[in-house]
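# Analysis of the macromolecular model
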Amino acid sequence: MNSEVEKIQVFNTLTGKKEDFVPVSGKTVKIYACGPTVYDSSHLGHARKEIVWDTVQRYLRFVGYDVVYVRNITDVDDKIINRARERGIGPDKLAREYTFAFWEDMHALNVQAPDFEPRATEFIAQMISFVEGLIKAGHAYQAGGDVYFDVGSFNDYGKLGKKNLDELMVGAREQVVAQEELQKLKKNAVDFALWKSADKDELGWQSPWGYGRPGWHLECSTMVKHILGETIDIHSGGEDLVFPHHENEIAQSEALHKHPLARYWLHNGFIQVSQEKMAKSLGNFKTIKDLLREYEPDAIRLFVLQTHYRNPIDFSPESLAAVKSGLQRLVRAAHLNDGLELKGAAGKDILAAAEKFKAEFRQAMNNDFNTAIAISHLYQIADQISALKDKESAARQVLIDVLLEHAAVLGLTLLDNRKNLKDEQKEKLVGILLEMRQKAKADKDFERADAIRKQLTDIGIAVMDTPQGATWETI
RNA sequence: GGCGGCAUAGCCAAGUGGUAAGGCAGAGGUCUGCAAAACCUUUAUCCCCCAGUUCGAAUCUGGGUGCCGCCUCCA
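## Quick word on the sheet that holds strand 9 (residues 210–214)
In space, the 5 strands of this open sheet follow the order 5-6-7-9-8, with antiparallel pairing throughout. The sheet is open, and its two edges are formed by strand 5 (140–143) and strand 8 (205–207), each paired on a single side. Averaged over all pairs of adjacent strands, the angle between their axes in this sheet comes to 40°, without regard to strand direction. Of the pairings in the sheet, the one linking strand 5 to strand 6 (residues 146–149) comprises 4 bridges and is antiparallel in character. Residue pairing across strands places Ala143 opposite Asp146, the latter belonging to strand 6. Strands strand 5, strand 6, strand 7 (193–197), strand 8 and strand 9 of the sheet are contacted by helix 4 (residues 124–136), whose axis makes an angle of about 115° with strand 7.

Next up, the structure:
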């Protein structure tokens, strides 16, 4: 970090304002990002969330903070249990399967591994003591084999999601009335489960209240506490988590610890499809694996980051395809010096341009991580690179280096894939050669036909003539 | 119904009081045997509508219209 601390501003959902970012303790930044529930394939919406917060933690490290980035994996949940039952396998096996699939997707998208990646099932014991603490403090109560958080005992309830407790009660009461059993158990309709009893043959753990499972919100509060501490700097997630998930985390943690769970609550906007949110429940999603078949990881990241993280993105194949051309310009500029010896030297003007670019890039990112502006500066530096001649390659290299360094902060590799062939292209290519050879044979130009065959053999492709025409295989 | 957010060129998208970034597509040009790629130039008198505050507003205020999200699982 420079001698002076980078002045970063972030939009805090808690206050609804952009605020100066000041970590709890100096250069250390503790971030907890709500991770996936592993019961199905990840889609573009999940990709956005991971790309956005990956970029944030990359940038904070880039400007010199010591970041501890934690992203959990929710591997115990009703959705997992139901899906596993449908498939006739154990919930733990299903969770493992989709955990690996998630890791594959994240790796492909150049999303860095977090410093810690706790799974809920690893923290059952800590969750149980967390609940015991809440009961002891009078913020939770046992009802049958369940334990509920007593929302009425926590004054600040609703401060994140901007909810009015009285109004919540009305809505919640209607739902609870529909479930008679709950009505009997809960003191208050809005109270949420910290621990839920389960049947013996279901996924569960022994607890002071009997056999059961933790409630969803509990895991995050517990893992934050045990891995990062009682107050962290940034807690992030998709905007749908604001209420009730993060609201409930705040209630649990702050009721127990009596001080803030996180200083800054950051939330990313959603991907929409035809003006509707992309969601598994709507069945209108594109999985990351689908997209990766068609688009490079850099293109997907560029697509996501060209919109500010809090704004919605309306997805269409056209809009994603449109970034491909732009990406090519950056890639081309980044590789203009490939295979060239560096000539000349970078003059003052070049060094000044590099410094100007660095400052502008940071200025953009310091303003609530405005990646859209940051990207526009990448294009500007790419134009400057392209404008330099080969004989000024040393000067050009200075700018290429800063381009690559800053593109990497956004997780863009700018790898040169321009000459990479797809499998189908390779097959067609051989087909074209065989067609040309066939034409030569038909013209009785056997010298030419044999030359084509030999050159193919030399690169490891054997050509075999058959009564049905030529075929080939690799040697 | 309550709360929150968004509306900027053909499309995507920045811009929170000082006179419209950037990308895609389009147009013209350089280059080329012809192309393609690349590069250069160019493309919103105007920011959903109405009223107001101000010397000055896309940016602030009030009203309206449309859309989205949350309030239940959801990134």
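## Looking at the packing of helix 1 (residues 44–62) against helix 14 (residues 393–409)
Relative to each other, helix 1 and helix 14 sit at 130°, their axes nearing to 8 Å. For the element pair helix 1 / helix 14, the angle class is oblique. Seen from helix 1, the contacting residues are Thr55, Arg58, Tyr59 and Phe62; seen from helix 14, they are Glu405, His406, Ala408 and Val409. In terms of residue class, the contact of helix 1 with helix 14 is built from 4 nonpolar, 2 polar and 2 charged.

## Overview of helix 15 (residues 423–442)
Over its 20 residues, helix 15 runs 29 Å from end to end, which matches the ideal 28 Å to within 8%, given 1.5 Å per residue. Taken as a whole, helix 15 has its buried residues at Val430, Leu434, Arg437 and Ala440. Projected down its long axis, helix 15 shows its buried positions confined to an angular sector of 110°, all on one face. Within helix 15, the exposed residues directed more than 90 degrees away from the buried face are Glu424, Lys428, Glu435, Lys439 and Ala442. Residues of helix 15 that are buried sit in contact with helix 16 (446–458), strand 15 (461–466) and strand 16 (469–474).

## What to know about the sheet that holds strand 4 (residues 66–71)
Within the open sheet, the 4 strands sit side by side as 4-3-10-11. Their pairing is parallel. With partners counted over all chains shown, the strands left at the sheet margins are strand 4 and strand 11 (262–268), one partner each. Strand-to-strand twist across the sheet, computed as the mean angle between neighbouring axes with direction ignored, equals 20°. Alignment of strand 10 (residues 232–238) against strand 11, held across 6 bridges, turns out to be parallel. When the sheet's bridge partners are listed, Gly237 is paired in strand 11 with His267. Contacts from helix 7 (residues 216–228) reach strand 3 (28–33), strand 4 and strand 10, with the element oriented near 155° to strand 3.

## Comments concerning the side chain of Glu50
Take Glu50: it is sitting in helix 1. Separated by 3.0 Å, the side chains of Glu50 and Lys49 make a polar contact. There is a polar contact of 3.3 Å between the side chain of Glu50 and the side chain of Arg71. Glu50 has contacts with Cys34, Gly35, Pro36, Tyr69, Arg71, Phe102, Met106 and Val111, leaving out every residue within four places of it along the chain.

## Details of the pattern of salt bridges
Evaluation of the coordinates by the stated rule reveals 34 salt bridges. The closest approach of N and O atoms between Lys187 and Asp150, which form a salt bridge, is 3.2 Å. Of this pair, Lys187 sits in the loop between helix 6 (180–185) and strand 7 while Asp150 is found in the loop between strand 6 and helix 5 (165–178), placing the two residues 37 residues apart along the sequence. The class for Lys187 is exposed, based on a relative accessible area of 59%. Look at Asp150 and you get buried, because its relative accessible area is 11%. Within the structure, one salt-bridge network assembled from shared partners comprises Arg437, Lys441, Asp450, Arg453 and Asp465.

Here is what the cut-offs are and how they apply
Residues numbered from 1 in each chain as written. Chains lettered and ligands numbered in written order. Predicted model: local features only at pLDDT ≥ 70, side-chain atom pairs only at ≥ 80, totals over all residues. Heavy atoms only, no water. Pairing = 2+ DSSP bridges. Helix = DSSP H or I, 4+ residues; strand = E, 2+ residues; numbered from the N terminus. Axes fitted to C-alpha atoms, helices over the stretch in contact; angles between N-to-C directions. Contact = heavy atoms within 4.5 Å. Parallel < 35°, antiparallel > 145°, perpendicular 65-115°, else oblique. Nonpolar A, V, L, I, M, F, W, Y, C, P; charged D, E, K, R; others polar. Expected span 1.5 Å × (residues − 1). Buried < 20%, exposed > 50% of the residue type's maximum accessible area, 1.4 Å probe, protein only. Arc of directions from axis to C-beta. Polar contact = N/O pair within 3.5 Å; in protein donor to acceptor, adjacent residues only side chain to side chain. Salt bridge = Lys/Arg side-chain N within 4 Å of Asp/Glu carboxyl O.

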